[in-house]
Amino acid sequence: MAQEVRGVVAPGKDQPVRVETIVIPDPGPGEAVVRIQACGVCHTDLHYKQGGINDDFPFLLGHEAAGVVESVGEGVTEVAPGDFVVLNWRAVCGNCRACLRGRPWYCFNTHNAKQKMTLASTGQELTPALGIGAFAEKTLVAAGQCTKVDPAVSPAVAGLLGCGVMAGIGAAINTGNVGRGDSVAVIGCGGVGDAAVAGARLAGAGKIIAVDIDDRKLAKARELGATDTVNSRETDAVEAIRSLTGGFGADVVIEAVGRPETYQQAFYARDLAGTVVLVGVPTPEMKLELPLLDVFGRGGALKSSWYGDCLPSRDFPMLIDLHLQGRLPLDAFVTETIQIDEVEKAFERMHEGDVLRSVVVL
Ligand SMILES: [Zn+2]
Ligand SMILES: [Zn+2]
């Protein structure tokens, strides 16, 4: 039987979000219905609301979530009712050219639930944010979007691994391949950048330099493991990173802003043969200009990090376990917990810059 639950819907471009009654169909083959316990408010939700992702309104927002599997459809073997899961937006297919070559974290054919959730009032089909839609009491996803983790962790903390925090940690440990004793610089210390700092610390980096234009963010980065901080409004970031690394630059520089200026800083702030990781997401009109001779002459690797190049089935349980052992302070990313009708207010606070994550608790 289809069920009716409450969910946060963005009805149209730049219109305030509202709590609506939505219809969740029973799970079909390969699908699961998940009772959501917590879901973080991410910038991507705001971009959906602003029409910055696409025009497929109305959106059911929310995608950094954890909850309990309520029911599964035919053929689902990976999860069962009662499992505590973190939702991911890259359910790997197992059959594409990346999966077949043993690189499922690059899967080019990730999938979502086939059936649609709808608005109870009009019957209109909803587009779930990143194929999840978890600012809702329940949601319908592909079973592969559910990753079982240790239920000892708080749902508010676990859900954050589903997006920004995983992107940042993965940028350091997967894409950047940070090793013990490496020097690492992170440019831009929002949620993703701070997670990259935490990831670098987890990987055993020797020096971790956090760069931002906001001293409050730098203080938070220090809490998460930064050994040095640079306010790039007051100091030249490249010079500062070089002088903190014996004049050479960092082994790995993680760009968590997604702008040409900060990418150039990252490019020149790394040591010869070092690695630049771009995890900040640029906009379509941005262009990068670099002397090609410098690209050649400085060697190393220029990489982009998609969702931290994570494999949810491998990385989520591992990171939750490390958190439960006290080695990864994921709780530091939860600034506040809020109710389902406070998402619009959370968007405003996000702008003010002193919130890492507001998390809706259901
Ligand atoms: Zn695939
Ligand atoms: Zn997100």
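Residues numbered from 1 in each chain as written. Chains lettered and ligands numbered in written order. Predicted model: local features only at pLDDT ≥ 70, side-chain atom pairs only at ≥ 80, totals over all residues. Heavy atoms only, no water.

Draft legend 1. Representation of the side chain of R90. Among the secondary structure elements, R90 is positioned in the loop between β6 (84–87) and α2 (97–100). As a buried residue without a salt bridge, R90 has its nearest oppositely charged side chain in D309, at a separation of 7.1 Å. Each residue touching R90, except ones within four places of it in the same chain, is listed here: W105, Y106, C107, T110, Y307 and P312. (Helix = DSSP H or I, 4+ residues; strand = E, 2+ residues; numbered from the N terminus. Buried < 20%, exposed > 50% of the residue type's maximum accessible area, 1.4 Å probe, protein only. Lys, Arg positive; Asp, Glu negative; His and termini not counted. Salt bridge = Lys/Arg side-chain N within 4 Å of Asp/Glu carboxyl O. Contact = heavy atoms within 4.5 Å.)

Draft legend 2. Region of interest: the sheet that holds strand β11 (residues 183–187). Spatial strand order, β13-β12-β11-β14-β15-β16: 6 strands in an open sheet with parallel pairing. Of all strands in the sheet, those with a lone pairing partner are β13 (228–231) and β16 (301–304), marking the two edges. This sheet shows a mean twist of 15° between the axes of neighbouring strands, independent of strand direction. Pairing analysis gives 4 bridges linking strand β12 (residues 207–212) to β13, with the strands arranged parallel. Bridged to A210 within β13 is T229. Sheet strands touched by helix α6 (residues 215–223): β12 and β13. Its angle to β13, the strand with the most contacts, is close to 165°. (Pairing = 2+ DSSP bridges. Axes fitted to C-alpha atoms, helices over the stretch in contact; angles between N-to-C directions.)

Draft legend 3. The arrangement of the coordination of the zinc ion (ligand 2) in detail. Only C42 (SG), H63 (NE2) and C163 (SG) from the protein reach the zinc ion (ligand 2) as donors, at distances of 2.1 to 2.2 Å. Sequence spacing of the donor residues for the zinc ion (ligand 2), all on one chain, is C-x20-H-x99-C. Here C163 lies in the loop between α3 (155–159) and α4 (164–175) and C42 lies in the loop between β3 (31–40) and α1 (43–49), a separation of 121 residues in the sequence. (Donors = N, O, S within 2.8 Å, 3.2 Å for Na, K, Ca; no water.)

Draft legend 4. Representation of the sheet that holds strand β8 (residues 127–128) in the model. Read from one edge to the other, the open sheet built from 5 strands follows the order β7-β2-β1-β4-β8, with strand pairing classed as mixed. Strands at the two margins of the open sheet, each flanked by one partner only, are β7 (118–119) and β8. Sheet topology note: the strand β4 (residues 59–60)/β8 ladder contains 2 bridges and is parallel. Looking at β8, one finds that F59 is bridged to T127.

Draft legend 5. Representation of the coordination of the zinc ion (ligand 1) within the structure. Only C93 (SG), C96 (SG), C99 (SG) and C107 (SG) from the protein coordinate the zinc ion (ligand 1), and they sit 2.3 to 2.4 Å from it. Around the zinc ion (ligand 1) sit 4 donor atoms, and with donor-metal-donor angles ranging over 104 to 119° the site reads as tetrahedral. On the primary sequence, the residues serving as donors to the zinc ion (ligand 1) are separated as C-x2-C-x2-C-x7-C. For the pair formed by C96 and C99, the shared burial category is buried. (Tetrahedral: all angles 85-135°; square planar, octahedral: opposite > 155°, others 65-115°.)

Draft legend 6. Geometry of the packing of α4 against helix α10 (residues 312–324). At their nearest, the axes of α4 and α10 sit 12 Å apart, and the two run at 100° to each other. Viewed along their axes, α4 and α10 adopt a mutual orientation that is roughly perpendicular. Between α4 and α10, the residues in contact are M166, I169, I173 and N174 and R314, D315, F316, M318 and L319, respectively. Among the residues making up the contact of α4 with α10, the classes are represented as 6 nonpolar, 1 polar and 2 charged. (Parallel < 35°, antiparallel > 145°, perpendicular 65-115°, else oblique. Nonpolar A, V, L, I, M, F, W, Y, C, P; charged D, E, K, R; others polar.)

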